[in-house]
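Fold and geometry: a report
As a plain string of letters, each chain reads:
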Amino acid sequence: RMFITFAIISLLIKESMLLRIVRVAVPSYKVRGQPAQLDCDYELGDDKLYSVKWYRDNEEFYRYMPKFDPPKHAYKLDGIKVDLLKSDDRRVILHPVTLKSTGQYRCEVSAEAPSFASAAGEGRMEVIYLPREGPRITGNQQENRRGDSMFLNCTSGRSYPAAILSWDIDGEKVTDPALLVEYPHIQHQHGLVSTALGLRVPTGRTMQVRCTARVAPSWREGSEAVVGNSQLADSKEAMLLEPFEAITCLVHSFD
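- As annotated in an unreviewed UniProt entry, the protein carries the name Ig-like domain-containing protein and comes from Papilio machaon.

1. Structural notes on the confidence of the model for the protein
- Within the protein, residue pLDDT values average 82, and 78% of them lie at 70 or more.
- Ignoring residues within four places in sequence, the model shows residues 2-16, a span with pLDDT below 50, making one contact including any to other chains.
- Confidence drops under pLDDT 50 across residues 234-255; counting only partners more than four residues distant or on other chains, this segment forms 63 contacts.

2. Quick notes on the sheet that holds strand E10 (residues 136-139)
- The four strands are arranged E10-E11-E17-E14 in an open sheet whose pairing can be described as antiparallel. The two strands at the open ends of the sheet, each matched to only one other strand, are E10 and strand E14 (180-182). Across the sheet, the axes of successive neighbouring strands diverge by a mean angle of 25°, strand direction being ignored.
- Sheet topology note: the strand E11 (residues 149-155)/strand E17 (residues 196-202) ladder contains seven bridges and is antiparallel. When the bridges of E17 are listed, Phe-151 appears paired with Arg-200.

3. Focus on the state of the cysteines
- Scanning the model with the defined rule gives two disulfides in all.
- What pairs with Cys-40 in a disulfide is Cys-107, and their sulfur atoms sit 2.0 Å apart. Disulfide Cys-40 to Cys-107: torsion about the S-S bond roughly -80°, handedness left-handed. Taken together, the positions of Cys-40 in strand E3 (residues 36-43) and Cys-107 in strand E8 (residues 103-111) put the pair 67 residues apart, joining distant regions of the chain.
- The side chain of Cys-154 participates in a disulfide bridge whose partner is Cys-211; the two sulfur atoms lie 1.9 Å from each other. Residues Cys-154 and Cys-211 are joined through a disulfide that is left-handed, its torsion about the S-S bond being -80°. Placement of Cys-154 in strand E11 and of Cys-211 in strand E18 (residues 207-215) is noted, with a sequence separation of 57 residues between them. Cys-211 shares its class with Cys-154; the two are buried.

Calculation criteria
Residues numbered from 1 in each chain as written. Predicted model: local features only at pLDDT ≥ 70, side-chain atom pairs only at ≥ 80, totals over all residues. Heavy atoms only, no water. pLDDT = per-residue confidence, 0-100. Contact = heavy atoms within 4.5 Å. Pairing = 2+ DSSP bridges. Helix = DSSP H or I, 4+ residues; strand = E, 2+ residues; numbered from the N terminus. Axes fitted to C-alpha atoms, helices over the stretch in contact; angles between N-to-C directions. Disulfide = S-S within 2.5 Å. Buried < 20%, exposed > 50% of the residue type's maximum accessible area, 1.4 Å probe, protein only.

See the structure below:
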């Protein structure tokens, strides 16, 4: 038993002296045009650092090698622009990010001889394009000629990814599919998309309707209108901006 205990303790001590990744932090979402900071925190133990390399979708775009002069080097990659002055062995600054910056980012740390240890961690970043205007509520004149119901349309501004639209009537979300009319997405240049969602409401009473557009989990904006007697009356817009700097981290080591 003493031998087994000693072996386990020796193994734990040996493991604590090896190179390991402590944390890799990649922003889950970034708005196009913003800077993005990628963090790679590691412990060398008894090892000496050989290199830190960053990849996007398995393509290398940045490396730090302390024995080289200069130690920092960036590679050309579509959608990747590294700020070398602000980047080092533990962080990389991308500025600005574009829609093409979206991808899976991996940090790989390697040690010198004799261990040649290597460890890596990764996370995914999505770059989004926010609409420049809120969703627009309009009346569907062609459908409204029928008179028994009033038809409204809600159209989002151009965004990426496509905005998800929803309707509320007097503060309650509309879930009945019989009241909703879905339309195909509208494609724009540079991969941007607009979405549209119709609403069928009964005539004969005044009600407050609200259309809300959500882009990823990061942003939502709503437009409100008061309708009654088959007419679209006063409307107003309100913007709700939510925090979204979530962190994803997946760490693994390999020999």
